[in-house]
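Next come the chains, spelled out residue by residue.
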Amino acid sequence: MTFFTLRWGIISTGWIAEQVVSDLLVDPTTRDTNDVMHKVTAVGSRSVEKAQKFIDEFVNGDKTVKAYGTYDEVYADKNVDAIYIGTPHTYHYTNALDALKAKKHVLCEKPVTCNAAELRSLIATAKENGVFFMEALWTRFQPLAKEVKELIDSGTLGLPVVVHADFSVDFGIDKLPLTHRMLDPKLGGGAILDLGPYPLIWTILALYEHPANKRTKPSNITGTMYKTPITGVDCNTSYIVTFSPNSSTGSTLAAQAVLSCSMNVASHNPGVTIRFEKGTIMIDAPVPCPLRYTVQYFKEGKPGEIAREDTRTFKYVGSGWHFQADEVARCVRDGKLESELWSHDKSILEMEVFDEVRRQGGYKFPDGIEKVLL
């Protein structure tokens, strides 16, 4: 058995990096992965001491892993193939740009940038340097998401008509410091960028990726926000994404997604409901990494009357972050510059939706936060 080993450099040592690195170290055979594996070779933080502390706690104190007090040193390390970026949203563009220019492959945490213009710039830079680039939308690579996608594309349930999805977390914002990532507009704070990708991923999977849609972009996006008076970032955001038949692209899909995200209330169950002509898929919360879904099949010719109901439950070692890393490793091994499962056009669509929702909601970042403007 021959494994391709991808050597990772980790940028930032916060909570999200802890989760990702912990999963990178899980034995890949426990998830039936027998072709790729991962090795952390460098960690960058604001100080060598912080980087070393991270290595000691989350990389099993591996003495072969280099601790760096700057990110540039990680980008320059010849023993690093790919960079994982886990910094706050508003640092993603600069961090990713530097890594790409150093000709490193990049997996950048979601949301990949602050706006679509920044993302287009990064994609162009990745192509210029001949390196792989992907947003870390980990949900799309998990076994449950892949199985749901197969069921949708099989046509057993007919065409999708409506998606309802929510991802909310009660952060206790009244007690948070104003510099917290959820409250600070200088860090891209608020619900839409931090939580919004998760309701939208299920929309992209079920509607945008649907064979009947022919990768046609939404015909309409409508959003509304309640902005907290604490700092002015969005606290509660709802947005509707509509897909319509399009003669120029050949799309025959007419469907709508009703999505929401909040940072002052907990999520509810089911987190995602996808309603079809012939049945319903209900996906359990939490929607970033669900482990169970239920399918209701309607009686023939009797919409809404349930003929049977099937439930599928998933279990694996780790927390689910390793599946996206496996995808990166395979793409790098095969010389691909983007993933087919979470391709550049999907991240662009995501950021275009968020740009429009922020525009309609009147949520503007402070001057200088967006490094590239439309």
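The shown structure was predicted, so the numbers you read here are calculated from the model rather than taken from an experiment.

### Describing empty space enclosed by the protein
Under the definition given, this model contains one cavity of 30 Å³ or more. Put simply, the largest cavity is a space of about 30 Å³. What lines the largest cavity is simply Leu119, Ile123, Phe133, Met134, Glu135, Trp342, His344 and Ser347. Sorting the residues of the lining of the largest cavity by element identifies helix 5 (116-129), strand 6 (133-136) and helix 10 (344-361) as the ones contributing at least two each. The leading source of residues in the lining of the largest cavity is strand 6, at three residues.

### Some remarks on the packing of aromatic side chains
Two aromatic rings, taken as a pair, are described by how far apart their centres are and by the angle between their planes. Evaluation of the coordinates by the stated rule reveals eight aromatic pairs. For the pair Trp138 and Trp321, a centre-to-centre distance of 3.5 Å together with 0° between the ring planes defines the contact as stacked. Placement of Trp138 in the loop between strand 6 and helix 6 (143-154) and of Trp321 in the loop between strand 14 (302-313) and helix 9 (322-333) is noted, with a sequence separation of 183 residues between them. We note that Trp138, like Trp321, is buried.

### So, the sheet that holds strand 6
Strand order in the open sheet made by the six strands is 3-2-1-4-5-6, with parallel pairing throughout. Each edge of the open sheet carries a strand with a single partner, namely strand 3 (66-68) and strand 6. Averaged over all adjacent pairs, the angle separating strand axes in this sheet is 30°, with direction ignored. Contacts between helix 1 (residues 15-24) and the sheet are confined to strand 1 (4-11), strand 2 (36-44), strand 4 (82-85) and strand 5 (105-109), with strand 1 contributing the most and set at about 165° to the helix.

### Overview of the sheet that holds strand 10 (residues 255-262)
The strand order across the open sheet formed by eight strands is 8-9-10-7-11-12-13-14, and the pairing between neighbours is mixed. With partners counted over all chains shown, the strands left at the sheet margins are strand 8 (220-227) and strand 14, one partner each. Strand-to-strand twist in this sheet, taken as the mean axis angle between neighbours without regard to direction, amounts to 10°. As judged from the five bridges shared by strand 12 (residues 279-283) and strand 13 (residues 292-299), these two strands associate in the antiparallel manner. Within strand 13, the residue paired with Ile281 across the bridge is Val295. Across the sheet, helix 8 (residues 197-208) touches strand 7 (160-168), strand 9 (234-243), strand 10, strand 11 (272-276) and strand 12, and the angle it forms with strand 7 is around 165°.

### Some remarks on the layout of surface pockets
If you add up the space inside the largest pocket, you get close to 880 Å³. Lining the largest pocket are 32 residues, with Trp15, Ile16, Gly86, Thr87 and Arg181 sitting closest to its centre. A per-class count over the lining of the largest pocket returns 16 nonpolar, 10 polar and six charged. Here the second largest pocket is characterised by a volume of approximately 290 Å³. What lines the second largest pocket is simply Asn115, Asp355, Arg358, Arg359, Gly362, Tyr363, Lys364, Phe365, Glu370, Leu373 and Leu374. Of the residues assigned to the lining of the second largest pocket, the class counts are four nonpolar, two polar and five charged.

Each value, and the rule that gives it
- Residues numbered from 1 in each chain as written.
- Predicted model: local features only at pLDDT ≥ 70, side-chain atom pairs only at ≥ 80, totals over all residues.
- Heavy atoms only, no water.
- 1 Å grid on protein atoms, 1.4 Å probe; cavity = no way out; pocket = protein on both sides within 12 Å on 5 of 7 lines; lining within 4 Å.
- Points joined across faces, edges and corners; volume = space filled by probe spheres on them.
- Helix = DSSP H or I, 4+ residues; strand = E, 2+ residues; numbered from the N terminus.
- Phe/Tyr/Trp six-rings, centres within 6.5 Å; stacked < 30°, edge-to-face > 60°.
- Buried < 20%, exposed > 50% of the residue type's maximum accessible area, 1.4 Å probe, protein only.
- Pairing = 2+ DSSP bridges.
- Axes fitted to C-alpha atoms, helices over the stretch in contact; angles between N-to-C directions.
- Contact = heavy atoms within 4.5 Å.
- Nonpolar A, V, L, I, M, F, W, Y, C, P; charged D, E, K, R; others polar.

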